[in-house]
Amino acid sequence: MFKEKFSGGIISAKQFDREDIEYIIKKAKEMIELKNSNILQGKILATLFFEPSTRTRLSFESAMYRLGGSVIGFQSGDVSSIKKGESIADTIRTVENYSDCIVIRHSLEGAAILAAKFAKIPIINAGSGSGEHPTQALLDLLTINEEVGPLDGLNIGLMGDLKYGRTVHSLSILLSNFNVNVYFISPLELKMRNRDKDFLQQRQVKYKELTDYRKILNILDVLYMTRVQKERFVDSEEYERIKGFYIFQQEDLIQTKNNFRLLHPLPRITEISPDVDNSEKAIYFKQTYYGIPMRKALLAELMTD
Ligand code: NCD
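Cut-offs used in this document
Throughout, residues of each chain are indexed from 1 in the direction in which the sequence is written. For this predicted model, a pLDDT threshold of at least 70 governs which residues receive local features, and a threshold of 80 or more governs which side-chain atom pairs are given and counted, while totals over whole chains, interfaces and linings are taken from all residues. Only hydrogens and water are set aside; all other atoms, that is, all heavy atoms of the structure, feed into the side-chain values. Put simply, DSSP marks the helices as runs of H or I at least four residues long and the strands as runs of E at least two long, and each gets a number from the N terminus on. Radius of gyration here is computed from C-alpha atoms only, and the compact-globule reference equals 2.2 Å multiplied by the residue count raised to the power 0.38. Any residue under 20% of the maximum accessible area for its type is buried, any over 50% is exposed, and the rest in between are partly exposed; the area is computed with a 1.4 Å probe on protein chains only. Only heavy atoms matter for contacts: two residues are in contact if any of them lie within 4.5 Å across the pair. Computed with the Shrake-Rupley method and a 1.4 Å probe, the accessible areas treat only the protein chains shown as cover for residues. Using protein atoms alone on a 1 Å grid, points that fit a 1.4 Å probe yet trap it form a cavity, whereas open point sets bounded by protein on both sides within 12 Å along at least five of seven lines form a pocket; residues with an atom within 4 Å of a point count as lining. Grid points are joined across faces, edges and corners, and a volume is the space filled by probe spheres set on the points. Residues were grouped as follows: Ala, Val, Leu, Ile, Met, Phe, Trp, Tyr, Cys and Pro as nonpolar; Asp, Glu, Lys and Arg as charged; and all remaining residues, including Gly, as polar. Just so you know, the domain bounds were taken from an automatic or database domain assignment. Once two parts are joined, some of their accessible surface, as seen by a 1.4 Å probe, is lost; buried area is that loss totalled over both. By convention in these notes, a salt bridge is any Lys or Arg side-chain nitrogen within 4 Å of a carboxyl oxygen on Asp or Glu. In a helix, the anticipated span is given by 1.5 Å times the number of residues less one. Nearness is judged by heavy atoms alone; a residue qualifies as near a molecule or strand once a single heavy atom is within 4 Å of it. Think of a polar contact as two N or O atoms within 3.5 Å of one another; within protein, one of them needs to be a possible hydrogen donor and the other a possible acceptor, and neighboring residues in sequence only count if both atoms come from side chains.

Participant: What should I look at first to understand the overall build of the protein chain in this one?
Facilitator: When you go through the protein chain residue by residue, the secondary structure sums to ten helices and ten strands. Taken over C-alpha atoms, the radius of gyration comes to 19 Å for the protein chain, in line with the 19 Å a tight globule of 305 residues would show. Judged by the C-alpha coordinates and their principal axes, the protein chain covers about 55 × 45 × 40 Å. A burial count over the protein chain gives 57% of its 305 residues as buried. The contacts of the protein chain with a sequence gap of at least 6 include a subset with a gap of at least 24, amounting to 74%. Entry remark: accessible area of the protein chain is about 13,400 Å², with carbon and sulfur atoms responsible for 49%.

Next up, the structure:
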């Protein structure tokens, strides 16, 4: 049962098998129909964001309100006692007394795991450094499911910063539960890390690595673009050199199949030219909508008996 399995929360995409993914997508689809309800009335969600966020925090909060619940939290580590030197563990042991579930985003890869170790209530990882962002990957799969079709058999390209991008790490892990062809497209400096590739190899996922996306544009069903993660670079000159490596242009669309769809977790910097936005193949703003039903489904599972 999903509720029991995830009673400690959602820390990594590795917790999910195919059955779990199909279950939560089904629940999220029900949430699309449901609009507003009161199933989480009296419940409190805490959102602890030590790193910037627009979509993730606001969609969690909106989802909570739309289910009749309430939200407390902060949007920057600077305003919490962490600034005074309090540990993550002590923060969690405090906030769990004030809430029924904690959503945490932090620059440290191990932050969510650490939080889960100390918490007696469910923890949701809303981005852990350059590690993972599992709920984004779940909403990405819901988007593909609704806008493109069933995952099996699809050719899916993940492109951009595959080294530091946490969304592509979680997404590739979730995709390993399906019979998909994955293309990792990146500059040589930003290739998928060996530990992520090893995981896919163990699961016998068919993947290829390449640099020039134009070589495979005509066979892709989905291209998932990401920004170069400026905040993770130790060397700012390297970031400056690499940040404009890819710019997806309107003319690139000509080569793509009719059912091709372009996704991006956002924020977009310069990697997709704004003139692509009006194409029906560009669905990154629709994708932001799917964060609501997916997060409603997850919150309902974690907080109802
Ligand atoms: C992503 C993140 O924070 O990892 N944004 C998001 O949650 N939608 C992607 C990014 O910041 O590049």
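Participant: Is there a simple way to explain empty space enclosed by the protein in this structure?
Facilitator: Unoccupied space between atoms shows up once a probe the size of one water molecule is rolled over them. Scanning all chains against the criterion turns up two cavities of 30 Å³ or more. In this model, the largest cavity occupies a volume close to 70 Å³. Roughly 30 Å³ of internal volume is contained in the second largest cavity. Lining the second largest cavity we find Arg227, Val228, Tyr239, Lys243, Ile269, Thr270 and Glu271. Here the lining of the second largest cavity is built from residues that sort into three nonpolar, one polar and three charged.

Participant: Can you help me understand the domain arrangement of the protein chain in this one?
Facilitator: Many structure descriptions define interface size as the accessible area lost when the parts assemble. Under the domain assignment, the protein chain is made up of domain 1 (2–131 + 291–303) and domain 2 (134–288). If you average the C-alpha positions of domain 1 and of domain 2, the two centres end up 24 Å apart. Contacts between domain 1 and domain 2 engage 35 residues on the former and 30 residues on the latter. Between domain 1 and domain 2, the buried area comes to about 2,600 Å², and carbon and sulfur atoms account for 59% of it. For the domain 1 face of the interface with domain 2, the top three residues by lost area are Arg18, Arg55 and Ser130, together amounting to 23%. Our count for the contact surface shared by domain 1 and domain 2 stands at six salt bridges. Across the pair Glu109 and Arg195 runs a salt bridge, and its minimum N-O distance is 3.3 Å. Where the side of domain 1 that touches domain 2 is concerned, the elements lending two or more residues are helix H2 (18–34), helix H3 (55–66), strand S4 (101–106), strand S5 (123–128) and helix H10 (284–303). Considering every element that reaches the side of domain 1 that touches domain 2, the biggest residue donor is H2, with eight residues. Taken together, the residues of the side of domain 1 that touches domain 2 sort by class into 15 nonpolar, ten polar and ten charged.

Participant: Honestly, helix H6 (residues 134–147) in this entry has me stumped. Any pointers?
Facilitator: Since the α-helix turns once every 3.6 residues, residues separated by three or four places project in the same direction. Here H6 spans 20 Å end to end across 14 residues, near enough to the 20 Å set by a 1.5 Å rise per residue. By the criterion of burial, H6 is predominantly enclosed, with eleven of the 14 residues buried. Following H6 by one or two positions, Gly149 adopts a phi angle in the positive range, close to 140°.

Participant: Honestly, the site of the ligand in this entry has me stumped. Any pointers?
Facilitator: In the vicinity of the ligand, the contacting residues are Thr56, Arg105, His133, Gln136, Arg166, Thr167, Arg227, Gln229, Pro265, Leu266 and Pro267. Thr56 is positioned such that a nitrogen or oxygen atom in its side chain is 2.8 Å from an oxygen atom of the ligand. Gln136 places a side-chain nitrogen or oxygen 3.2 Å from a nitrogen atom of the ligand. Coverage of the ligand by the protein chains reaches 94% of its 320 Å² of free accessible surface.

Participant: I keep staring at the environment of Pro274 and nothing clicks. Help me out?
Facilitator: Note that Pro274 resides in the loop between strand S10 (261–263) and H10. With 25 residues separating them in the primary sequence, Pro274 and Gln249 have C-alpha atoms 8.4 Å apart.

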